[in-house]
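Examining the three-dimensional arrangement
Below, each chain spelled out in residue letters.
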Amino acid sequence: IIVGGVAKLSAAEFRIGTDVGYNNGVSWFLNGTAAQFTHELPLSARLGMGYAWVNPGSASEARKIFINDATNGTPEKGGGVLSLRFDLLFPLKLFHLPNSRFYLGPRFAHFKGRFKYVGGNEEFGVISNNWGLGLGLESSVAISPKTDLRLDLGGDFFFKSVLSGHDTSYAPDGDHVNPRKNYSYADADNAINQPKYGLRMMIGVTTRIR
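What you see is a predicted model; the values in this text were computed from it and never measured.

As a general feature of sheets, a regular strand has side chains that alternate between the two faces. Alignment of strand β5 (residues 44-54) against strand β6 (residues 74-91), held across eleven bridges, turns out to be antiparallel. Along β6, the bridge assignment pairs Y51 with L82. Taken together, the 16 bridges between β6 and strand β7 (residues 100-118) define a ladder with antiparallel strand orientation. Bridge pairing in β7 places L84 opposite F108.

If you want it as structure tokens, here you go:
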């Protein structure tokens, strides 16, 4: 905006939104976005937090690697990933898609897998905390004066992290705590579906609040 011959920065725009879809499992995210806050670059910044319900891995292998070689009991399992995401978004002309943007930024994910052996009197969890990076493309279309429908396609990559369960931990650098037999970090990593990499396909709505 030009006022009296002097360039002025337009007021920043803030939006809140929610997304559902697939992110290594059925996922739900909340996010907030700030746009038009820089004079030199037409970028936006977004902070998001969400949860994904995931398959935690092999119940039989997890038991061997973290507890013992028992095979009794009927295995039950469940898992989830609580994640935080920060993205910088850049406008992009992509085919004929309206309001397209490219985004990238850091990720943090807290994974927890739960394993229970009904009749075997054993239950334990395996956790990890993973840092990573992500990127993707999105496009939005207005469905009301303040609300947009948004489509998001991207991917995330996470670095290896310590896997801890019961009183045992396996570390990428080999600094294990109470490892069982000759099991290695690779064995634990193959048995447990901690965040590694994956596809992100989401649909959501965002609403301008300012």
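Attention now moves to empty space enclosed by the protein. Under the definition given, this model contains one cavity of 30 Å³ or more. Here the largest cavity is characterised by a volume of approximately 70 Å³. Lining of the largest cavity is provided by D19, F29, L30, N31, R46, G48, R85, D87, R150, D152 and R200. Taken together, the elements giving at least two residues each to the lining of the largest cavity come down to β4 (26-35), β5, β6 and β9 (147-158). Among the residues forming the lining of the largest cavity, the class breakdown is two nonpolar, two polar and seven charged.

With the rule as written, the count across this model stands at 17 salt bridges. In this structure, the salt-bridge partner of D148 is R15, at a minimum N-O distance of 3.5 Å. Of the two residues, D148 sits in strand β9 while R15 sits in strand β3 (residues 13-23), which places them 133 residues apart along the sequence. Each member of the pair, D148 together with R15, is buried. In this structure, the salt-bridge partner of K196 is D189, at a minimum N-O distance of 3.5 Å. Judged by its relative accessible area of 26%, K196 falls in the partly exposed class. Its relative accessible area of 11% is what places D189 among the buried residues.

The rules behind the values
Residues numbered from 1 in each chain as written. Predicted model: local features only at pLDDT ≥ 70, side-chain atom pairs only at ≥ 80, totals over all residues. Heavy atoms only, no water. Pairing = 2+ DSSP bridges. Helix = DSSP H or I, 4+ residues; strand = E, 2+ residues; numbered from the N terminus. 1 Å grid on protein atoms, 1.4 Å probe; cavity = no way out; pocket = protein on both sides within 12 Å on 5 of 7 lines; lining within 4 Å. Points joined across faces, edges and corners; volume = space filled by probe spheres on them. Nonpolar A, V, L, I, M, F, W, Y, C, P; charged D, E, K, R; others polar. Salt bridge = Lys/Arg side-chain N within 4 Å of Asp/Glu carboxyl O. Buried < 20%, exposed > 50% of the residue type's maximum accessible area, 1.4 Å probe, protein only.

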